[in-house]
Amino acid sequence: MLRQFASPLVLVLVFGAVVSLALQSWVDAAIILAIILGSALLGFAQEYRASLAVAKLRRRLALKARALRDGASETLPASAIVPGDVVLLAAGNLVPADGVVLEAKDFLVAEASLTGESFPVEKQPGVLPPSTPLAGRSNCVFLGTSVQSGTASVLILRTGRDTAFGAVAERLRRQPQETDFARGIRQFGYLLVRVMIFTVLFVLATNQFLGRPVIESLLFAVALAVGLSPELLPAILRVTLSHGARAMARRGVIVRRPEAIENLGSMDILCTDKTGTLTEGVLVLDGAVDAQATESTRVLQLAHLNAAFETGIDNPLDAAIVAAGKAQKLDTAGFAKIDEIPYDFLRKRLTIVVEETGAPGHLIITKGAFSSVLDICSGMLVDGAEQPLDAAARLRLEAFYRAKGSEGFRVLALATRRVPAARPHYGRADEAGMTFAGCLLFFDPPKPDAGKAIHHLARLGVSIKVISGDNRFVAMHVARAVGLDPKALLTGAEIAALRDEALWQRAGETDLFVEVDPQQKERIVRALQRSGHAVGYIGDGINDAPALHVADVGISVDQAVDVARESADIVLLRPSLDVLRGGVEEGRRTFANTMKYICITTSANFGNMMSMALMTPLLPFLPLAAKQILLNNFLSDLPSVAISTDNVDAAAIERVQRWDMREVRRFMIVFGLVSSVFDLLTFALLLEVFDAGEATFQTAWFAVSLLTELAVVLALRTRRPMFQSRASGLLLWTTLAVALLTLGIPYFSPLAEIFDFVPLPWHLFAAMLAVVAAYIAATEAAKAAFYRRQAGTATRRAAARRSS
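Residues numbered from 1 in each chain as written. Predicted model: local features only at pLDDT ≥ 70, side-chain atom pairs only at ≥ 80, totals over all residues. Heavy atoms only, no water.

Draft legend 1. How the structure looks around the overall build of the protein. Regarding its fold elements, the protein presents 28 helices and 23 strands. The proportion of buried residues among the 804 residues of the protein is 54%. The contacts of the protein with a sequence gap of at least 6 include a subset with a gap of at least 24, amounting to 73%. Surface accessibility of the protein: about 35000 Å² in total, with carbon and sulfur atoms responsible for 60%. (Helix = DSSP H or I, 4+ residues; strand = E, 2+ residues; numbered from the N terminus. Buried < 20%, exposed > 50% of the residue type's maximum accessible area, 1.4 Å probe, protein only. Contact = heavy atoms within 4.5 Å. Areas by Shrake-Rupley, 256 points an atom, 1.4 Å probe, with all protein chains shown as cover.)

Shown next, in the form of structure tokens:
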């Protein structure tokens, strides 16, 4: 509520009210204060409702944490974590509070958000001197950091504002990066300020030259300045964004940051992994084969032990292995877990060490990406016996890997090594001299509707880029199945060899980025942005967080790891491109309705206020009193509250929309001038034909100016002829209600007396309605010419870009 009074425009009105009170003009002061209060209450009601809606959506995505309560692990909202809780952390989790590490296993934490350190830091239990600087506290974890690998249990010491992150006030006060839409709003504000300053100075100077009272001239100038501005813009923006957020939620798209809705509408490139978006996302273990490509129960048993004992990142690959093992009646009986070397994105493998009842020593079982496992092997199992892994054998295994990848299978490799049971802990150095045991074949079929969704997005001007860590053969198979070009491909190795300038050029021409490292994802997104594209990025893993952060709109899924979901602007309840397509359409609908208010209101206000400023020197009295201008502005804004519900033409949804300050300025000038022409025509009719006095003139022109502003809302809300595009019921009936109120005000004695209005003769009344009708016809003609010229300009620009 208080924010409603912080607007500079409201402060200008307050200044006018103070001046009126100082002159004991009680009625004028009361009118100005009533309009201030009315605008504030209207804005507050809309914003409050919008904020409640957004808060409700955000609660659906509240951060969760696993904590020990009464000795059992429970999943709790992060806000319920208190000092004294023991929290269990694993790869992908965001740390919910500050705490000291009790137990840890290969526990790496990214602390860049707090310390600036770009590489993950290993955390271990221990005791450090109290003077140890924040970056050196290897026995503590801090709110806002994220777990990259490993597991740990942590005793929580501080929460909320008491944390180290809470103490960094500068970080909490720092504004988020300005979006393209926010930048456009700011530039639009500068334009209005320049116009208002010029108008106020011109009117004041003219009235002083004509010898009119200073105070009356000052109030008139202040009213003109306020009349030029869309003072409900902040409320309209929040209402439109919250309406869009609720509509997107009904489609399965949750908006975490409402400001991202416009960015979603302006997106023209969408980067995504293939799993879950282009494919079903339900991996099935199709086969477990030995080094001779023969089905092997032993390989399946080893894989099942590795997946069943793994405690790091929950992932669909392990789930598929465990499910296949259960189907074959496999279990972990007879085996005891000794240690675990967690998965990370550099090694791309995970190792479990087990002890088998009755067998000597410990058995190391490593599972991971084919090349990462093959690189640590020196032998292979052939008919149960170990043989050297020579160059010919490596070539045969690699050929098998490529062939299965081309058929759409995701291939993981499995290796083992038996060592003496000499120690309870193992590390990465123990992943050496392994014996290649076999391969696991997973199949994730392309979604039947993925190709159709890609086609629909292409019709909306959004092209798909696949960014995947998977091998090129699987990615090419999926791309071919869903209608992407499998030959437009760049590998991670090729990207690493490219300079930034070369990548800027190649990125736009590439459909598939494969075998990429996590840090290359962010580089690809930046390269596409550098080429002038608005980039969306879908990610659900730990290594997606940097790319999600730098993308114009970061998109994650409800099942994503914490760090990915918290980095995203938008969260999909289902990982589907078709769901996202609906979100893009809603984003464009929201953007279009916001721009309607800005363009229509400013052009109408600009025309009317400029007309009054120009006619002031030529009239023996003011065209409108200050209180009449303020009432005009207030009533004309009422229908705008309903703009968020308006229908949007299909053509507006099918094209990428960007904020263009030049187009906004042209729109304001062109249609403002059309309005001014009819204003001047109205002035001429009133003075020369009807010989109107001050009260009659002001009443008639108040009605005409307000009716034209209302009519132009219905005319300019669409690029099509106004009677061929249906406005929403709320917008239409609100506009008609205000129009009827406008016509009736001069005949309501209390309002007429307060605002100095008089009843109009029927012939003058009819003439004013004729002017409004002519204005609508002229606006329709100007609209057709304006958009015809705009289309021609866009065509020429596109041709110029293609030729360059």
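Draft legend 2. Representation of empty space enclosed by the protein in the model. If you walk through the whole model with that rule in mind, you get six cavities of 30 Å³ or more. Reported here for the largest cavity is a volume of approximately 70 Å³. Residues of the lining of the largest cavity, tallied by class, amount to four nonpolar, two polar and three charged. Taken as a whole, the second largest cavity holds about 50 Å³ of empty space. (1 Å grid on protein atoms, 1.4 Å probe; cavity = no way out; pocket = protein on both sides within 12 Å on 5 of 7 lines; lining within 4 Å. Points joined across faces, edges and corners; volume = space filled by probe spheres on them. Nonpolar A, V, L, I, M, F, W, Y, C, P; charged D, E, K, R; others polar.)

Draft legend 3. Just the packing of aromatic side chains, in detail. In the structure shown here, the tally under the stated rule is 14 aromatic pairs. Taking the centre distance of 5.4 Å and the plane angle of 70° together, the rings of F621 and F697 count as edge-to-face. Within this pair, whereas F621 is found in the loop between α21 (577–615) and α22 (626–637), its partner F697 is found in helix α25 (residues 694–716), the two being separated by 76 residues in sequence. Judged by its relative accessible area of 12%, F621 falls in the buried class. (Phe/Tyr/Trp six-rings, centres within 6.5 Å; stacked < 30°, edge-to-face > 60°.)

Draft legend 4. Representation of the side chain of H362 in the model. By the secondary structure assignment, H362 is in strand β13 (residues 362–369). A distance of 2.7 Å separates a polar atom in the side chain of H362 from a polar atom in the side chain of Y426. Ignoring any residue separated from it by four or fewer positions in sequence, one finds H362 in contact with I338, V353, V354, E355, R417, R418, V419, P420, A421, R423 and Y426. (Polar contact = N/O pair within 3.5 Å; in protein donor to acceptor, adjacent residues only side chain to side chain.)

Draft legend 5. Fine view of the packing of helix α24 (residues 661–689) against α25. Interaxial distance between α24 and α25 falls to 11 Å at its minimum, and their mutual angle equals 150°. Taken together, the axes of α24 and α25 lie roughly antiparallel to each other. The hand of the α24/α25 crossing is right-handed. Contacts from F667, F671, D679, T682, F683, L686 and L687 of α24 reach α25 at F697, A700, W701, V704 and L716. (Axes fitted to C-alpha atoms, helices over the stretch in contact; angles between N-to-C directions. Parallel < 35°, antiparallel > 145°, perpendicular 65-115°, else oblique. Left-handed = near helix turned anticlockwise from the far one by under 90°.)

Draft legend 6. Fine view of a nonpolar patch on the surface. Together, M1, F5, L37, L41, F44, Y48 and L52 line one region of the surface with nonpolar side chains, adding up to about 620 Å² of accessible area. Structurally, F44 is set in helix α2 (residues 26–59). (Patch = residues over 30% accessible without salt bridge, like charges linked within 9 Å, V, L, I, M, F, W, Y side chains within 5 Å. Salt bridge = Lys/Arg side-chain N within 4 Å of Asp/Glu carboxyl O.)

Draft legend 7. Representation of the pattern of salt bridges within the structure. Under the criterion given, the structure shown has 23 salt bridges. K521 is paired through a salt bridge with D544; the nearest N and O atoms lie 3.0 Å apart. Linking K521 in helix α18 (residues 518–530) with D544 in the loop between β21 (535–538) and α19 (545–550), this pair joins segments that are 23 residues apart in sequence. Judged by its relative accessible area of 5%, D544 falls in the buried class. For R581, the salt bridge goes to E585, with nearest N and O atoms at 3.0 Å. One end of the pair is R581 and the other is E585, both in helix α21 and four residues apart, which spans about a single turn.

Draft legend 8. Fine view of the side chain of N632. Note that N632 resides in helix α22. The contact partners of N632, leaving out residues within four places of it in the chain, are F702, S705, L706 and E709.

Draft legend 9. Structural detail: the sheet that holds strand β9 (residues 269–272). The sheet built from eight strands is open, its strands ordered β8-β23-β22-β21-β9-β18-β20-β19 with mixed pairing. Each end of this open sheet is capped by a strand with a single partner; those strands are β8 (253–255) and β19 (489–491). Going across the sheet, the axis of each strand differs from the next one's by a mean of 20°, ignoring polarity. Pairing analysis gives three bridges linking strand β22 (residues 553–557) to strand β23 (residues 570–572), with the strands arranged parallel. Note on β23: the bridge partner recorded for I555 is I570. Docked against the sheet, helix α15 (residues 472–482) engages β19 and β20 (512–514), running at close to 155° with respect to β20. (Pairing = 2+ DSSP bridges.)

Draft legend 10. Structural detail: the pairing of β9. Burial along β9 is two-sided: the face carrying I269 and C271 and the face carrying L270 and T272 are both buried. One ladder, built from four bridges, connects β9 with strand β18 (residues 463–467); its direction is parallel. The residue bridging C271 from the neighbouring strand is K465, located in β18. Bridging between β9 and β21 involves four bridges; their strand directions are parallel.

Draft legend 11. Spotlight on unusual backbone geometry. You will see that A293, though not glycine, has its phi angle at about 65°, which is positive. The partly exposed category is assigned to A293, whose relative accessible area is 42%. Despite not being glycine, D756 has its phi angle at roughly 60°, a positive value. By the element assignment, D756 lies in the loop between α27 (749–755) and α28 (762–803). When its relative accessible area of 38% is taken as the criterion, D756 is described as partly exposed.

Draft legend 12. Representation of the confidence of the model for the protein. In this model, the protein carries an average pLDDT of 83, and 88% of its residues clear a pLDDT of 70 or more. Within the model, the stretch residues 169–175 combines pLDDT values under 50 with six contacts to residues more than four positions away or in other chains. (pLDDT = per-residue confidence, 0-100.)

Draft legend 13. A look at the packing of α21 against α25. At their nearest, the axes of α21 and α25 sit 9 Å apart, and the two run at 155° to each other. One way to sum up the angle between α21 and α25 is to call them roughly antiparallel. The interaxial crossing formed by α21 with α25 has right-handed handedness. Of the residues in α25, those touching α21 at I600, S603, A604, N605, N608 and M612 are W701, S705, T708, E709, V712, V713 and L716. Its residues assigned to classes, the contact of α21 with α25 shows seven nonpolar, five polar and one charged.

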